[in-house]
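Architecture at a glance
Next come the chains, spelled out residue by residue.
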Amino acid sequence: MKMKADSCTIRLAGGEDGAALAGLFGQLGYQTRADEVVARLLAPDPATEVLLASLGSEVLGVLVWHRLQPLHVACAWGLISALVIDEAARGSGIGTSLLATAEVRALAQGCSQLELSSSLKREGAHRFYLGQGYLERPKRFVKVL
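Rules behind the numbers
Residues numbered from 1 in each chain as written. Predicted model: local features only at pLDDT ≥ 70, side-chain atom pairs only at ≥ 80, totals over all residues. Heavy atoms only, no water. Helix = DSSP H or I, 4+ residues; strand = E, 2+ residues; numbered from the N terminus. Rg over C-alpha atoms; globule rule 2.2 N^0.38 Å. Buried < 20%, exposed > 50% of the residue type's maximum accessible area, 1.4 Å probe, protein only. Contact = heavy atoms within 4.5 Å. Areas by Shrake-Rupley, 256 points an atom, 1.4 Å probe, with all protein chains shown as cover. Pairing = 2+ DSSP bridges. Axes fitted to C-alpha atoms, helices over the stretch in contact; angles between N-to-C directions. Polar contact = N/O pair within 3.5 Å; in protein donor to acceptor, adjacent residues only side chain to side chain. Expected span 1.5 Å × (residues − 1). Arc of directions from axis to C-beta. Core = buried A, V, L, I, M, F, W, Y, C linked by side-chain atoms within 4.5 Å.

Another aspect to go through is the overall build of the chain. In terms of helices and strands, the chain carries four helices and five strands. Going from N to C terminus, the chain has its helices and strands arranged as β-α-α-β-β-β-α-β-α. A globule of 145 residues ought to have a C-alpha radius of gyration of about 15 Å, and the chain, at 15 Å, matches this closely. Principal-axis analysis of the C-alpha atoms places the extent of the chain at approximately 45 × 35 × 35 Å. Taken across its 145 residues, the chain has 32% of its residues classed as buried. Within the chain, contacts between residues at least 6 apart in sequence are counted, and of these 59% link residues at least 24 apart. Total accessible area on the chain stands at roughly 9200 Å², and carbon and sulfur atoms take up 57% of it.

Our focus in this paragraph is the sheet that holds strand β2 (residues 48–55). The pairing of strands in a sheet comes from backbone hydrogen bonds and takes either a parallel or an antiparallel form. Taken together, five strands build an open sheet; the order of strands is β1-β2-β3-β4-β5 and the sheet is mixed. Edge positions in the open sheet fall to β1 (9–12) and β5 (111–116), since each of these has one partner strand only. Neighbour-to-neighbour, the strand axes of the sheet open up by a mean angle of 25°, direction not taken into account.

For the rest of this paragraph, the subject is the side chain of His66. Among the secondary structure elements, His66 is positioned in strand β3 (residues 58–68). Of the polar contacts made by the side chain of His66, one reaches the side chain of Thr48; its length is 2.8 Å.

Before going further, it helps to examine helix α3 (residues 94–108). An ideal rise of 1.5 Å per residue puts 21 Å on 15 residues; α3 measures up with 21 Å between its terminal C-alpha atoms. Taken together, the buried positions of α3 are occupied by Ile94, Gly95, Leu98, Leu99, Ala102 and Ala106. Here the buried residues of α3 occupy an arc of 130° about the axis, which is enough to place them on one side. For α3, exposure combined with an orientation more than 90 degrees from the buried face picks out Val104, Leu107 and Ala108. Where α3 is buried, its residues contact β1, β2, β3, β4 (76–85), β5 and α4 (123–131). Following α3 by one or two positions, Gly110 has its phi on the positive side, about 85°.

Glancing now at the nonpolar core. Looking at soluble globular proteins, one finds that nonpolar side chains tend to be buried together. If you look at the biggest cluster of nonpolar residues, it comprises 20 residues, and the most contacted ones within it are Leu63, Trp65, Ile80, Leu83, Ile94 and Leu98. Breaking this core down by element, the ones donating at least two residues are β2, β3, β4, α3 and β5. Here this core takes five residues from α3, the largest share from any one element. Other than its neighbours up to four places away in sequence, Leu98 contacts Ile10, Leu51, Leu52, Ala53, Gly61, Val62, Leu63, Leu83 and Ile85.

Functional significance is not addressed by these values, which are geometric in nature.
Now the structure itself:
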């Protein structure tokens, strides 16, 4: 699929996008059913935004970010929990457009930084994030419960 990101629309996701989102998440190995995605989308959470890149009715990418307000610092933080571009549309600028939109929205909501994590095996994604001005901050500790 050859296209330009400027022909895409960036919009907030709705319940009708559940199947498309489940498909995108599946491309990164996160198998989830469309009805589960819809239930999460419809659960009100004012600190979460799900941004979609679409071309007509076709969803080509998604970015999920959360606004966090730590007690120990004055400024809020933005945390990107998911960024997925359809395999056929990667390299077309859609990821750049989604990140730019999230950054503008995070700034407007008082965030002083936007951060994300990425699996060690996703080296192409690492190069992409570095190219977008994100800095690598090693050390992350996770306890699976």
